[in-house]
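# Survey of secondary and tertiary structure
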Amino acid sequence: MPTAHEAETQVCHPHPCLWTRGQQRIEGPSSTWEARRHTGPEEADQPPSMSSHAAPPAAPSRNPCCLCWCCCCSCSWSEGRRQAWRPSGESKLQPLPSCEACSTPSPEEVRTWAQSFDKLMHSPAGRSAFRAFLRTEYSEENMLFWLACEELKAEANQHVVDEKARLIYEDYVSILSPKEVSLDSRVREGINKKMQEPSAHTFDDAQLQIYTLMHRDSYPRFLGSPAYRSLLLQGGSQSSHEA
């Protein structure tokens, strides 16, 4: 049996575990109460001072999520690379001149376009007329991609090659681009590997594939289109007036 003094001690001092749990509930998320208990209400209202030796919190780092140029990710590394290679004030490749800016082809030249697709593509006026036709079929990006590849192959400056290659990728190869051209998986994988070290011939396989697509699919429809027949009639009328 505890004595009267021991019983009084138990009443004044609760069980240590219960007191500890109660203290944790009071001290839990709030440090204001603890500051007031030690320093008083005036000092506790002041913001805590930073120690001269305390290191600032480190900013969370973002590791590169991929090393490919598929543009499927928005990691800080790929975004920084795109901004580094993109010239200031220019977001995409400059558009080519409109078809109206090209000179009117001669009747003989217009007729040669029906002889072969190569002759059509080697003629500036032929490319312009064909591009205008592709625009009506919502496939102008095929011609734009082919012309961009031709411009890239004519570039000798490696820094400019890197810049143009990445712009071509973003404009015509990236699955996020509204002007993406149709390429098979083999060609696309090859481009992704070559983009680690771009060159003037990075898109050669893709350019050939798009060239073949235009040759087999769009070129026959162009020769039977009202636009081409109109050019032939204009050439015939000019020949009759000259005669």
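Residues numbered from 1 in each chain as written. Predicted model: local features only at pLDDT ≥ 70, side-chain atom pairs only at ≥ 80, totals over all residues. Heavy atoms only, no water.

### Remarks on the pattern of salt bridges
Summed over all chains, the structure comprises ten salt bridges. Note that Arg221 is salt-bridged to Glu137, the shortest N-O span being 2.8 Å. With a gap of 84 residues between them, Arg221 in helix 11 (residues 204–223) and Glu137 in the loop between helix 7 (124–136) and helix 8 (140–153) connect regions that are remote in the sequence. Assessed through its relative accessible area of 37%, Arg221 is described here as partly exposed. A residue is classified by how much of its surface remains accessible, and Glu137, at 28% relative accessible area, is partly exposed. A salt bridge links Glu155 to Lys164; its shortest N-O distance comes to 3.6 Å. (Salt bridge = Lys/Arg side-chain N within 4 Å of Asp/Glu carboxyl O. Helix = DSSP H or I, 4+ residues; strand = E, 2+ residues; numbered from the N terminus. Buried < 20%, exposed > 50% of the residue type's maximum accessible area, 1.4 Å probe, protein only.)

### Description of the nonpolar core
Grouped burial of nonpolar side chains is what soluble globular proteins tend to show. By size, the foremost hydrophobic cluster in this structure holds 38 residues, and its most contacted members are Trp113, Phe130, Phe145, Ile191, Phe203 and Met214. Broken down by secondary-structure element, the contributors of at least two residues to this core are helix 6 (117–122), helix 7, helix 8, helix 9 (158–173), helix 10 (185–194), helix 11 and helix 12 (226–242). Every residue in contact with Ile191, bar those within four places of it in the chain, is listed here: Tyr169, Val173, Leu183, Thr202, Phe203 and Ala206. (Core = buried A, V, L, I, M, F, W, Y, C linked by side-chain atoms within 4.5 Å. Contact = heavy atoms within 4.5 Å.)

### Re the packing of aromatic side chains
Within this structure, the stated rule accounts for eleven aromatic pairs. By way of ring pairs, the aromatic residues Trp113, Phe117, Phe130, Phe133, Trp146, Tyr211, Tyr219, Phe222 and Tyr228 are connected into one cluster. (Phe/Tyr/Trp six-rings, centres within 6.5 Å; stacked < 30°, edge-to-face > 60°.)

### So, the confidence of the model for the protein chain
As a note on interpretation, predicted positions should not be read in detail where pLDDT is low. Residues at a pLDDT of 70 or more form 54% of the protein chain, whose mean pLDDT is 73. Per-element confidence in the protein chain ranges from a low mean pLDDT of 42 for helix 2 (residues 16–27) to a high of 98 for helix 11. Within the model, the stretch residues 7–45 combines pLDDT values under 50 with ten contacts to residues more than four positions away or in other chains. Below a pLDDT of 50 lies the segment residues 47–101, which in the model reaches 54 contacts outside its immediate sequence neighbourhood of four places, other chains included. (pLDDT = per-residue confidence, 0-100.)

### Re helix 8
With 14 residues, helix 8 extends 20 Å from end C-alpha to end C-alpha; this agrees with the ideal 20 Å at 1.5 Å per step. The buried count for helix 8 comes to eleven of 14 residues, which makes it a mostly enclosed element. Among the residues making up helix 8, those that are buried are Glu140, Glu141, Asn142, Met143, Leu144, Phe145, Trp146, Leu147, Ala148, Cys149 and Leu152. Contacts from the buried residues of helix 8 go to helix 6, helix 7, helix 9 and helix 11. (Expected span 1.5 Å × (residues − 1).)

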